[in-house]
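# Notes for the structure review
Read off the chains here:
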Amino acid sequence: MKKLLVTGGAGFIGANFVYYILNKYQDRQVVCIDKLTYAGNLETLKGVMDNPNFKFVKADITDRETVFKLFEEEKFDAVINFAAESHVDRSIVEPEVFLKTNILGTQVLLDATNKYNVPRYHQVSTDEVYGDLPLDRPDLFFTEDTPIHTSSPYSASKASADLLVLAYYRTYKTPVTISRCSNNYGPYHFPEKLIPLMIVNALHDKALPVYGEGINVRDWLYVEDHCKAIDMIVNDGTVGEIYNIGGHNERQNIEVVKTIIKALGKDESLIKYVTDRPGHDRRYAIDPTKIRTELGWYPETDFDTGIQKTIDWYLENREWWQNVMDGSYQEYYEKMYGNK
Ligand code: NAD
Ligand code: DAU
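Below you will find a few notes about this structure. Here the structure is a predicted model, which means the values were calculated and not measured.

So, about the sheet that holds strand β3 (residues 54-58). Across the sheet, seven strands lie side by side as β3-β2-β1-β4-β5-β6-β11; this open sheet has parallel pairing. In this open sheet, the two edge strands, each paired with only one partner strand, are β3 and β11 (242-245). Here the strands of the sheet are splayed against their neighbours by 20 degrees on average, with no regard to which way each runs. As defined by bridge partners, strand β1 (residues 2-7) adjoins strand β2 (residues 28-34) across six bridges and the pair is classed as parallel. Within β2, the position partnered with Val6 by the bridge is Cys32. Set on the sheet, helix α2 (residues 64-74) makes contact with β1, β2, β3 and β4 (78-81); between it and β2 the angle comes to about 170 degrees. Strands β5 (121-126), β6 (176-181) and β11 of the sheet are contacted by helix α5 (residues 153-172), whose axis makes an angle of about 150 degrees with β5.

Next comes the structure, spelled out in structure tokens:
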């Protein structure tokens, strides 16, 4: 029986990963630690709370004493670090917590991995560490050798964490792997990121705030394909290596918004072009050759299928998103979009 520590498992991708692992393997135990920030919700983990192979612990990854105690008690076979402050817009308004959680939290987990000789530490990173690509060069893609060149406090904090992970590998021989994935979408995505925000606003006939001209490009990956890739890396990836994850599903933001409008039978007059994000990255695009050739990973869900599945999920799970959009969400929304 293998025991995994999943940090940030009450958030979007971490929770999808918890479900993926517990559905796929009968012989895995998952311990999830999560601080339950605005982005983490126990409602999201309702489906596994009674599973004997699952345990939830409310904890902050920067809390060294609690983390070390947990490592001592549980004797993990692998640590998969999803826990992070993950929203670029929030990092522009309030960077400090991004540095604390994303960098110092990673260091605490790496120290615990070393002290308790955990055989594998996996860092869930992002394509944003590579900065952006020009819009007029569709021939360019991020490879694992693309230099780090960050744009926002969020991406700078994620890149710092990656460098720390690689430094621990070189200095202490910590058995690490890193994955850098493109934009995810799917169930349990908090409705302040582009896709769920547009679905929820459109359902309420509320304005759909598109930054700038809406021409920025993101490379969308259905969340289950990301979970599959991480599982493969943890099982068979080479220690010390970085793996890019992406499925060549590039779309301009405005195309994504119009697809959602059409699928919900709404009118394009809901679109409202608003002030651009400062430092807004133009285009992300992943070259996934390494993970495909070395580990045999490929994405199973293309964008047209995935977006329809996602829209259906939001239509069928109104209670989930209505519950997570509490008073603090309304406050956030007013602050971010009130004057735009
Ligand atoms: P999310 O914001 O939905 O979830 C983050 C989770 O981490 C939440 O449950 C939150 O409560 C928890 N958390 C935050 N601070 C914590 C702390 N100090 N201690 C313990 N738990 C804490 O984020 P997500 O979109 O699920 O992203 C998960 C990871 O994947 C992040 O590391 C992110 O950088 C990375 N990533 C995200 C995407 C994407 O498109 N969303 C793409 C590539 C990589
Ligand atoms: O590329 C991976 C990254 O993708 C992850 O590392 C981040 O954690 C994740 O949040 C995501 O970052 P983005 O900034 O790309 O995602 P977001 O959903 O915030 O924005 C997607 C695009 O849509 C971006 O170009 C900004 C734009 N946008 C976003 C919002 C919230 C709008 O036009 N309007 C909006 O209201």
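Here we take up the pattern of salt bridges. One pass over the full model with this rule turns up 19 salt bridges. With a closest N to O distance of 2.9 Å, Asp162 and Arg180 form a salt bridge. Of this pair, Asp162 sits in helix α5 while Arg180 sits in strand β6, placing them 18 residues apart in sequence. Note on accessibility: Asp162 and Arg180 belong to one class, buried. For Lys290, the salt bridge goes to Glu241, with nearest N and O atoms at 2.5 Å. In this pair, Lys290 sits in helix α9 (residues 289-295) while Glu241 sits in the loop between α7 (223-236) and β11, placing the two residues 49 residues apart along the sequence.

Okay, helix α6 (residues 194-203) next. Quick reminder: α-helices carry 3.6 residues per turn. Residues three or four places apart thus point the same way. With nine of its ten residues buried, α6 lies for the most part within the structure. By the burial criterion, the buried members of α6 are Ile195, Pro196, Leu197, Met198, Ile199, Val200, Asn201, Ala202 and Leu203. On its buried side, α6 packs onto β7 (184-185), β8 (208-211), α8 (253-263), α10 (303-316), α11 (318-324) and α12 (327-337).

Reading guide: rules and limits
- Residues numbered from 1 in each chain as written.
- Chains lettered and ligands numbered in written order.
- Predicted model: local features only at pLDDT ≥ 70, side-chain atom pairs only at ≥ 80, totals over all residues.
- Heavy atoms only, no water.
- Pairing = 2+ DSSP bridges.
- Helix = DSSP H or I, 4+ residues; strand = E, 2+ residues; numbered from the N terminus.
- Axes fitted to C-alpha atoms, helices over the stretch in contact; angles between N-to-C directions.
- Contact = heavy atoms within 4.5 Å.
- Salt bridge = Lys/Arg side-chain N within 4 Å of Asp/Glu carboxyl O.
- Buried < 20%, exposed > 50% of the residue type's maximum accessible area, 1.4 Å probe, protein only.

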